[in-house]
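Chain by chain, the residues run as shown.
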Protein chains: 2
Amino acid sequence: MAHSPASMNGPRSKGRPRSFDRAKALEAALRTFWKLGYEPASVPELCSAMGVNPPSMYAAFGSKAALFIEAMEHYERSYWEEPGRRFLAEPDLRRAVAGYFEDAARILLSPETPCGCMVVLAAVNLADSAGEVAQAVRRLRMATKEMFAIRLRQAAGEGQIPPDADIPALAGTLNALLEGLSLQARDGLSQKELRAMAAHAASLIPSGGPRS
Amino acid sequence: MAHSPASMNGPRSKGRPRSFDRAKALEAALRTFWKLGYEPASVPELCSAMGVNPPSMYAAFGSKAALFIEAMEHYERSYWEEPGRRFLAEPDLRRAVAGYFEDAARILLSPETPCGCMVVLAAVNLADSAGEVAQAVRRLRMATKEMFAIRLRQAAGEGQIPPDADIPALAGTLNALLEGLSLQARDGLSQKELRAMAAHAASLIPSGGPRS
DNA sequence: CGACTTTTATAGTAATCAATACAAAAATAG
DNA sequence: CTATTTTTGTATTGATTACTATAAAAGTCG
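Presented here is an overview of the structure given in this document. Predicted model only: the values in this text are computed from it and were never measured.

### Things to note about the overall build of chain A
- Of regular secondary structure, chain A possesses nine helices and zero strands.
- Reported as C-alpha extents along the three principal axes, the dimensions of chain A are approximately 70 × 50 × 35 Å.
- A burial count over chain A gives 50% of its 212 residues as buried.
- Within chain A, contacts between residues at least 6 apart in sequence are counted, and of these 72% link residues at least 24 apart.
- Summed over all atoms, the accessible surface of chain A reaches about 10600 Å², with 53% contributed by carbon and sulfur.
- One way to put it: in chain A the 25 positive side-chain charges average out to a point 6 Å from where the 23 negative ones average out.

### Details of the packing of aromatic side chains
- Scanning all chains against the criterion turns up 24 aromatic pairs over all chains.
- Ring centres of Tyr75 of chain A and Tyr79 of chain A lie 5.3 Å apart, and the angle between their planes is 35°; this geometry places the pair in the tilted category. Here Tyr75 of chain A and its partner Tyr79 of chain A are both found in helix H4 (residues 64-89), four residues apart, which amounts to about one turn of the helix.
- Ring centres of Tyr100 of chain B and Phe148 of chain B lie 5.6 Å apart, and the angle between their planes is 85°; on these two criteria the pair is classed as edge-to-face. Pair noted here: Tyr100 of chain B is in helix H6 (residues 93-108) and Phe148 of chain B is in helix H8 (residues 131-157), with a separation of 48 residues, a long-range link.
- Among the aromatic residues, those joined into a ring-pair cluster are Trp80, Phe87, Tyr100, Phe101 and Phe148 of chain A.
- If you follow Lys64 of chain A out to its NZ or CZ, it ends over the ring of Tyr38 of chain A, 4.7 Å from the centre.

### Digging into the protein's contact with DNA strand D
- The environment of DNA strand D is formed by 23 residues, the closest being Tyr58 and Lys64 of chain A together with Ser19, Asn53 and Ser56 of chain B.
- Expressed as a percentage, the sugar and phosphate content of the atoms of DNA strand D within 4 Å of the protein is 73%.
- Within the contact set of DNA strand D, a sugar or linking oxygen lies 2.9 Å away from a backbone nitrogen or oxygen of Lys14 of chain A.
- A distance of 2.6 Å separates a phosphate oxygen of DNA strand D from a polar side-chain atom of Lys64 of chain A.
- For the surface near DNA strand D, the secondary-structure elements that each account for two or more residues are helix H2 (43-50) and helix H3 (54-61) of chain A together with helix H3 (54-61) of chain B.
- No other element matches the three residues that H3 of chain A contributes to the surface near DNA strand D.

### A look at the relation of the copies chain B and chain A
- Aligned on chain A, chain B shows an RMSD of 0.1 Å; the corresponding rotation is 180° and the shift along the axis is 0.0 Å. Taken together, the rotation angle and the small translation identify this as a two-fold axis.
- Interface residue correspondence from chain B to chain A reaches 100%, placing this contact among same-surface, isologous pairings.

### Thoughts on helix H1 (residues 22-36) of chain A
Residues and elements named next belong to chain A.
- An ideal rise of 1.5 Å per residue puts 21 Å on 15 residues; H1 measures up with 21 Å between its terminal C-alpha atoms.
- Every buried residue belonging to H1 is among Ala25, Leu26, Ala28, Ala29, Leu30, Thr32, Phe33, Trp34 and Leu36, and all of these are buried.
- Looking at the packing, one finds that the buried side of H1 touches H2, H3, H4, helix H6 (118-121) and helix H8 (167-186).
- The opening residue of H1 is Asp21, an N-cap whose side-chain oxygen sits 2.9 Å from the backbone nitrogen of Ala23.
- In the stretch just after H1, Gly37 is the one whose phi turns positive, near 95°.

### As for the protein's contact with DNA strand C
- Near DNA strand C lie 23 residues; those nearest to it are Asn53 and Ser56 of chain A together with Val43, Tyr58 and Lys64 of chain B.
- Expressed as a percentage, the sugar and phosphate content of the atoms of DNA strand C within 4 Å of the protein is 75%.
- Contacts to DNA strand C include Lys64 of chain B, whose side-chain N or O atom sits 2.5 Å from a phosphate oxygen.
- Tallying contributions element by element places H3 of chain B first for the surface near DNA strand C, with three residues.

### Focus on the interface of chain B and chain A
- Every contact between the two is made by 38 residues of chain B and, on the other side, 38 residues of chain A.
- Together, the buried faces of chain B and chain A total about 3000 Å²; carbon and sulfur atoms form 59% of this surface.
- The largest per-residue losses of area from chain B upon contact with chain A belong to Asn125, Leu183 and Asp187 of chain B, which jointly make up 20% of the total buried on that side.
- Along the contact surface separating chain B from chain A lie three salt bridges.
- One salt bridge connects Asp187 of chain B with Arg138 of chain A, and the closest N-O pair in it is separated by 4.0 Å.
- Our count for the contact surface shared by chain B and chain A stands at six residue pairs in polar contact (both at pLDDT 80 or more).
- Listing elements by their share of the side of chain B that touches chain A, those giving two or more residues are helix H7 (118-121), H8, helix H9 (167-186) and helix H10 (191-198) of chain B.
- Sort the elements by how many residues they give to the side of chain B that touches chain A and H9 of chain B lands first, with 13 residues.
- Here the side of chain B that touches chain A is built from residues that sort into 21 nonpolar, nine polar and eight charged.

Thresholds applied
- Residues numbered from 1 in each chain as written.
- Chains lettered and ligands numbered in written order.
- Predicted model: local features only at pLDDT ≥ 70, side-chain atom pairs only at ≥ 80, totals over all residues.
- Heavy atoms only, no water.
- Helix = DSSP H or I, 4+ residues; strand = E, 2+ residues; numbered from the N terminus.
- Buried < 20%, exposed > 50% of the residue type's maximum accessible area, 1.4 Å probe, protein only.
- Contact = heavy atoms within 4.5 Å.
- Areas by Shrake-Rupley, 256 points an atom, 1.4 Å probe, with all protein chains shown as cover.
- Lys, Arg positive; Asp, Glu negative; His and termini not counted.
- Charge placed at Lys NZ, Arg CZ, Asp CG, Glu CD.
- Phe/Tyr/Trp six-rings, centres within 6.5 Å; stacked < 30°, edge-to-face > 60°.
- Lys NZ or Arg CZ within 6 Å of the ring centre and 35° of its normal.
- Near = heavy atom within 4 Å.
- Polar contact = N/O pair within 3.5 Å; in protein donor to acceptor, adjacent residues only side chain to side chain.
- Least-squares fit on C-alpha atoms with pLDDT ≥ 70 in both.
- Expected span 1.5 Å × (residues − 1).
- Buried area = accessible area lost by both parts, 1.4 Å probe.
- Salt bridge = Lys/Arg side-chain N within 4 Å of Asp/Glu carboxyl O.
- Nonpolar A, V, L, I, M, F, W, Y, C, P; charged D, E, K, R; others polar.

Given below as structure tokens:
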């Protein structure tokens with residue numbers, strides 16, 4: 001029998017086994033950070049939601065900052081990876097943008113989750129001591145902008161937008177609007193209002209290819 | 001001689017006179033809140049920037065929350081009141097929007113002030129204990145949206161946009177984009193990039209009146 | 001069984017938070 | 001002058017923060 005070096009579910013270590021589900025605890029932490037934000041979510045409150053005592057949390061995740069970053073990565077994968085794939089796969093640029101912002105409006109105001117995007121809202125004004133967290137959220141926000149840029153470059157190559165379109169500025173504008181929607185969602189707008197706003201996103205795309 | 005009941009610069013009270021300039025101290029607090037955000041700006045740090053000891057700050061402003069709200073109102077008047085007036089006075093809607101977002105890009109990345117809008121960024125993720133502050137910033141954000149709506153209704157009456165345009169959604173979209181620009185500004189974009197993004201705001205306005 | 005390893009819960013660490021108690025200082029009023 | 005009122009600086013309050021020292025508990029290994 002080949003010994004599994006680091007196989008997936010091989011908690012075949014020696015010591016006392018962990019008494020909680022690490023994935024479920026991470027999910028609970030994600031919810032808490034998402035709802036409260038990075039700094040207002042205190043370690044005791046996080047641990048209470050996770051059903052775990054502080055020493056166990058620190059042993060399993062390292063620090064509050066590391067827990068946040070891991071929760072945020074899990075959030076991104078769970079909620080935004082698939083909409084992003086659809087956005088990049090949709091052949092028509094305007095349909096892609098409209099579809100992505102529809103998805104966004106649904107996610108940002110889902111009745112089962114906190115309002116707004118965790119990456120946008122949970123770590124906006126941080127103390128200097130949380131520089132690690134600020135860097136991680138900024139990196140993720142920039143990745144979304146880059147996703148817009150990739151899709152726009154593709155559309156420019158296909159003549160769906162004018163060849164002289166300012167793609168970085170356009171990607172930035174879409175990103176700014178998307179992030180602004182998160183603030184609107186947290187400020188109490190309704191799902192219907194948010195969807196009506198999202199529907200305007202596609203009108204930011206300049207019309208006409210080079211020979212349309 | 002008519003005794004001045006509460007005249008402007010009449011510190012004709014009895015006790016020991018205040019040894020600092022209240023307006024200058026408020027300005028220093030504004031800068032600190034703007035740069036750091038509401039909660040990361042600690043009372044000792046605020047007082048240090050104001051050149052005042054904590055008891056004097058509390059005597060003059062009441063509390064940290066009251067100081068923030070007063071600073072924010074001063075900020076709004078100092079930086080956004082005039083651009084708002086220009087926006088409402090410009091007869092052509094598209095020029096009004098383009099001009100306002102140009103002003104915004106300039107303010108959000110002025111080299112002499114912190115990046116981004118204080119109303120948008122300084123109080124995003126707050127602890128429950130700061131509900132008073134959260135309410136005040138939200139009210140001001142909604143006022144900007146209402147300003148957009150007022151100008152759009154006027155334009156609809158003049159036939160500058162289609163009569164069936166969804167004005168609340170359009171105002172919300174402009175507001176979302178504006179707030180998103182603040183996040184971009186804080187995330188390190190250049191003045192040039194921000195201006196290029198702001199130039200796209202006017203393309204959100206639907207073209208053509210009822211009989212164009 | 002006993003040696004070893006890891007996780008558990010309890011209880012606390014030092015640091016920092018917003019807000020003040022207190023008394024000396026500095027003004028006016030009579 | 002004395003009495004009154006308000007501001008000043010010092011020093012501190014209790015609460016809360018992220019994080020951990022410690023030892024008992026609960027497993028595997030030989």
